[in-house]
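Chain by chain, the residues run as shown.
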Amino acid sequence: MELPALLLIFFVSGMAGLLYQVVWVREFGLIFGNTLHSAALVSGVFMVGLGAGGLLAGFVADRVYRRDRLAPLRLYVLSEAGIGLLGASIAAVLPRLEALSAQVSSYVVGTHGWYHLSAGSYLFRYEIAILLVLPITLLMGGTLSLLIRVVIRSDLSSAGWRAGLLYGLNTAGAATGCLLVDVLWIPHLGIRSTELLAAGLNIAAAGGALAILARRRRTTVPERPLAAPAASETGGLSSTALVAAAIFLSGFAAMGMEILWFRFLTSALGQYRLVFSLLLFEILVGLWLGSTAGGYASRRFARAASCWIGSQIAFALSALAALYFFDLETVQSEIQSLLSRSTAGLGLLEETAVHLGAIAQLVALPAFFMGFAFPLANAVVQRHEESVGRRAGVLYLFNCLGAVSGSMATAFLLLPTLGMKGSVSVLITCAAGVTAPLALCRDRPARLPAGSRAPRLLLGAGLVATIACLVAWSRVPDDYLIVRSFRAAGGKSLRGLLRKPYLLATSEGPLETIVILDVPDRGRTLFTNGHRMSSTEIGAQRYMRAMSHLPLLHMDEPESVLVICFGVGNTAHAASLYASVKSIEIVDISEHVLEQADFFSETNGRILADPRVRVFVNDGRQHLRMQPAANYDLVTLEPPPINFTGVASLYSKEFYGLVRDRLRPGGFVSQWLPIGQVPPATVRSMVRALVEVFPNAILVNGDSGDFILLGRKDRPITLDPVALARRLDANPPVRADLQRTEIGTDTEIFGMFAADAYRLKVGAGQSVPVTDDHPMLEYARIYRKRVDSSIDLLDVGRAPTWCPDCFQDGNALEPVGDLTTYLWIMNEIYVRAASESDATRAQGRLLPWDPPRDRSLVERTVRNSPYLHRILPGWRDNVEGTR
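Residues numbered from 1 in each chain as written. Predicted model: local features only at pLDDT ≥ 70, side-chain atom pairs only at ≥ 80, totals over all residues. Heavy atoms only, no water.

Quick notes on the overall build of the protein
Argument step 1. Each helix and strand in the protein was counted, giving 33 helices and 16 strands.
Argument step 2. The long-range share in the protein, meaning contacts at least 24 apart out of those at least 6 apart in sequence, stands at 80%.
Argument step 3. Total accessible area on the protein is roughly 33300 Å²; 60% of this is exposed by carbon and sulfur atoms. (Helix = DSSP H or I, 4+ residues; strand = E, 2+ residues; numbered from the N terminus. Contact = heavy atoms within 4.5 Å. Areas by Shrake-Rupley, 256 points an atom, 1.4 Å probe, with all protein chains shown as cover.)

Here you go:
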């Protein structure tokens, strides 16, 4: 009964370990910035700590086991309790480090004359991560070696089987935690409470192990201490070294493929939290099942090295085949089929099933064969009772080192230099390369006959097949995986455009795969990981440029602008048109994206070469932390899709508080609000986060469903036509840019109004604001309601609060005499959008003035507005006048 109980305890321990890793990546992202370097740092220290802890605990376990058979279990109890206490302590410390990180960070000039974080900044990050994460991960890693020592004891013939059960159940716990952390715990408890929950699970595991220890004390008969192993008995070191080399290569290939799978699937399915969680879940489930199967194979066939070689060949062949035959169109047709049967859109179960099926196409078989490595490696090397813990620790260390090396090499070296296709070739070669050291191992017990040559012939055939497949793989087009994974927003494939003359460029970097298309009448579009990131299309230019124009037109002499998220340069270029602006800081997390700016020079005016511009390759929030208070007249940002992983940190109440502190008196923040991308409840929470910090905020319509939130520090947001005309006269390029982007008249400018501060506060109601601890944007796809109220935020009838001088007695005054008609038309558009589309669900309202009495007035207003003319192509039929 003790083994099942220990397996259950280790299952709980694995669940806690995964929770820590997920939470720490998030929290260190807030401290150091949501960059690839930050995530790699935390994951790297985590894995190295696990491996080093496994090695140290293995040596200690063997030493104490010789004197006392219960000592390893006692150490396990203390380790789990220590993990729980350290986990709770880290939860209390981490939120206080964000300001400290910014204080000790600095920039140096790097490539292209752009600013990068200094070596000293990265050194501080490593020091903090090592100081906080290494001690607890040493204890985590030690738990596996300690329990292997406990359950194997003197039964060396079952070493592979029992090690496989332990490793597998621990991985199954991690898989369960991976699913629950993003589906249940963080959405409902928050990040910090989830971290404390993990600490509680460790304490529970310690309590369970303590109960088993107490029972063993009552029932165990004292045994004679073991003597230290003789030198002749430790002569298997060469075999251990070969197996350590093999498991290093196996870990390298496995973790490298995980990084590549994530890149591929974020392009195919989207960079959503649900996709990431389900991918990791399926990989961990595969490892669990494979570990159990590998342990069984070691006991059944007694040829562990041969079984391991076979599993690595199977991994290589299945990984290649899955990538080559991945069928995105089938996945998309399944989604469309489900959508067509459900008037409320996809629910959690349906969407999860579709994503699980898509991910399983790619990773199910390879992940299963990945799991064979650890139990089979133990079956090969465990030959002496006295050194069970030490050898298990050596294997775990080299497995973790291989995993860290594989992830780092793939993210920072292979993908940027070789792309996905070339990276696959290198990783599959490493997987097949495990054959070399294992072929030298003599794992067949002396009492067994040599047996048939069939297994060796079968393995040889598999190796030849792997080489043949690699040769065939080298002949597929270099952009094969880019094309296979490419998708457009909304799930509609644009693969037909991935050819000349539409395709301008493809490139692969550490963070993303970039595709640039030039489609007639639609402009040039930048795609990152399959997502339509930014464009020169007129609609995109209208709202992106308005994010600079609208706030800057409220100020006479704006001087300093911060643009977070560069895109293709629309917003930054608009800010550069103001003669008084002396400083423009552009911050983007991806140097790779910034390097594509010249493809869009026709519209961005080669903004990166403007002498007023300084470019910072950093996380936008981290950059703000590094700046002094009252530094900017405008902070504007348009992050990637707001429900993508990590974007919530730029929509939280804490972020807006930071922005407010960095604004000068009267300064503005302009924030992108694409209402159709998230459910109404999430939109209300996003608005609530901003209005709690900027209580005088207003909402304007940039283009169709792309709205803009404007907040101002310490002053009301009002604009009158006289001041507007004066500022436009002082900046002729601004007037020309507004005309080019369909905001060329006073009516079109003031007609963008959608809601004032009062309506935003009432519409947000009692919604819980987005915070760092509750990043609900990332879970909007999971917890959206099938039936939800409309987004009760729009009220164009309150336009006089923004422009008091535009109205008198409910009538619009010159030069905006047709403004009431324009706003009436926009209100009708909002009403119809709410009634006809589940995507926008933004409702219009009754207006405080009468509708236009003359149809010709409506027709003239539409005819005089390029924007209305574009969005209402059949306006004579779609806009209802009155008799």
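A look at the sheet that holds strand β6 (residues 531-535)
Argument step 1. Reading across the sheet, the four strands line up as β3-β4-β5-β6 and stay open at both edges, with antiparallel pairing between neighbours. Only two strands of the sheet have a single partner each, and these edge strands are β3 (503-508) and β6. Each strand of the sheet is rotated relative to its neighbour by a mean of 20°, with strand direction disregarded. (Pairing = 2+ DSSP bridges. Axes fitted to C-alpha atoms, helices over the stretch in contact; angles between N-to-C directions.)

Focus on the pattern of salt bridges
Argument step 1. Applying the stated criterion across every chain yields a total of 34 salt bridges.
Argument step 2. Residue R614 pairs with E585 through a salt bridge whose shortest N-O separation is 2.8 Å. Taken together, the residues R614 in strand β9 (residues 613-617) and E585 in strand β8 (residues 583-588) connect sequence positions 29 residues apart.
Argument step 3. Given the relative accessible area of 2%, E585 is considered buried. (Salt bridge = Lys/Arg side-chain N within 4 Å of Asp/Glu carboxyl O. Buried < 20%, exposed > 50% of the residue type's maximum accessible area, 1.4 Å probe, protein only.)

Considering the state of the cysteines
Argument step 1. Using the criterion set out here, one finds one disulfide in the structure.
Argument step 2. Between the sulfur atoms of C803 and its disulfide partner C806 the distance amounts to 1.8 Å. On the sign convention where negative means left-handed, the S-S torsion of about 75° between C803 and C806 marks this disulfide as right-handed.
Argument step 3. In this structure C806 comes out as buried when scored by relative accessible area, which is 1%. (Disulfide = S-S within 2.5 Å.)

A few points about the pairing of β3
Argument step 1. Pairing of β3 with strand β4 (residues 513-519) involves five bridges; the strand directions are antiparallel. Each residue of the ladder has a partner; that of E508, found in β4, is T513.
Argument step 2. Counted along the chain from β3 to the antiparallel partner β4, the turn is four residues long.

Digging into the confidence of the model for the protein
Argument step 1. Averaged over all residues, the pLDDT of the protein equals 87, while 89% of them reach at least 70.
Argument step 2. Note on residues 488-493: pLDDT is under 50 here. Beyond four places in sequence and across chains, it has nine contacts. (pLDDT = per-residue confidence, 0-100.)

Regarding the pairing of β6
Note on strand geometry: in a regular strand, side chains alternate between the two faces of the sheet.
Argument step 1. The pairing of strand β5 (residues 523-528) with β6 spans four bridges and is antiparallel. For F527, the partnering residue across the bridge sits in β6 and is R532.

Some remarks on the nonpolar core
Most often, soluble globular proteins have nonpolar side chains that are buried together.
Argument step 1. Ranked by size, the top nonpolar core spans 269 residues in total, and within it W24, F28 and W308 carry the most contacts.
Argument step 2. When near neighbours in sequence (up to four residues on either side) are disregarded, W24 contacts G29, V42, F46, I90, L94, V133, I136, T137, M140 and E195.
Argument step 3. Judged by nonpolar contacts, the second largest core, of seven residues, contains A505, I514, L526 and F600. (Core = buried A, V, L, I, M, F, W, Y, C linked by side-chain atoms within 4.5 Å.)

Focus on unusual backbone geometry
The bulk of non-glycine residues show a negative phi, and the bulk of peptide bonds are trans.
Argument step 1. Residue P815 is bonded to the preceding E814 through a cis peptide linkage, with omega at 10°.
Argument step 2. Position of P815 relative to the elements: it lies in the loop between β16 (811-812) and α30 (819-836).
Argument step 3. Non-glycine residue R606 carries a positive phi angle of around 50°.
Argument step 4. Among the structural elements, R606 can be located in the loop between α21 (601-604) and β9.
Argument step 5. One non-glycine residue, E742, lies in the positive phi region at around 65°.
Argument step 6. On the accessibility criterion, E742 (9% relative accessible area) is buried.

Description of the side chain of S13
Argument step 1. Within the secondary structure layout, S13 lies in helix α1 (residues 2-32).
Argument step 2. Relative accessible area serves as the criterion here: at 8%, S13 is assigned to the buried category.
Argument step 3. In this view, S13 contacts Y76, E80, N170 and N202; residues no more than four positions away in its chain are not counted.

Details of the packing of α1 against helix α5 (residues 119-152)
Argument step 1. At a minimum axis distance of 12 Å, the contact between α1 and α5 shows a crossing angle of 170°. As far as their axial angle goes, α5 and α1 are roughly antiparallel.
Argument step 2. Residues that form the contact of α1 with α5 fall into these classes: 18 nonpolar, two polar and one charged. (Parallel < 35°, antiparallel > 145°, perpendicular 65-115°, else oblique. Nonpolar A, V, L, I, M, F, W, Y, C, P; charged D, E, K, R; others polar.)

Re the environment of E559
Argument step 1. For E559, the location among the structural elements is in the loop between α18 (538-552) and β7 (560-564).
Argument step 2. Note: C-alpha distance between E559 and S580 (21 residues apart in sequence) is 5.6 Å.
Argument step 3. Dropping the residues within four chain positions of it, E559 is found in contact with S580, V581, K582, S583, D633 and R664.

So, helix α6 (residues 159-189)
Argument step 1. By the largest-angle criterion, V181 marks the main kink of α6, which is about 60°.
Argument step 2. Looking one or two places after α6, you find G190, whose phi comes out positive at around 95°. (Bend = angle between axes of the 7 residues up to and from the residue.)

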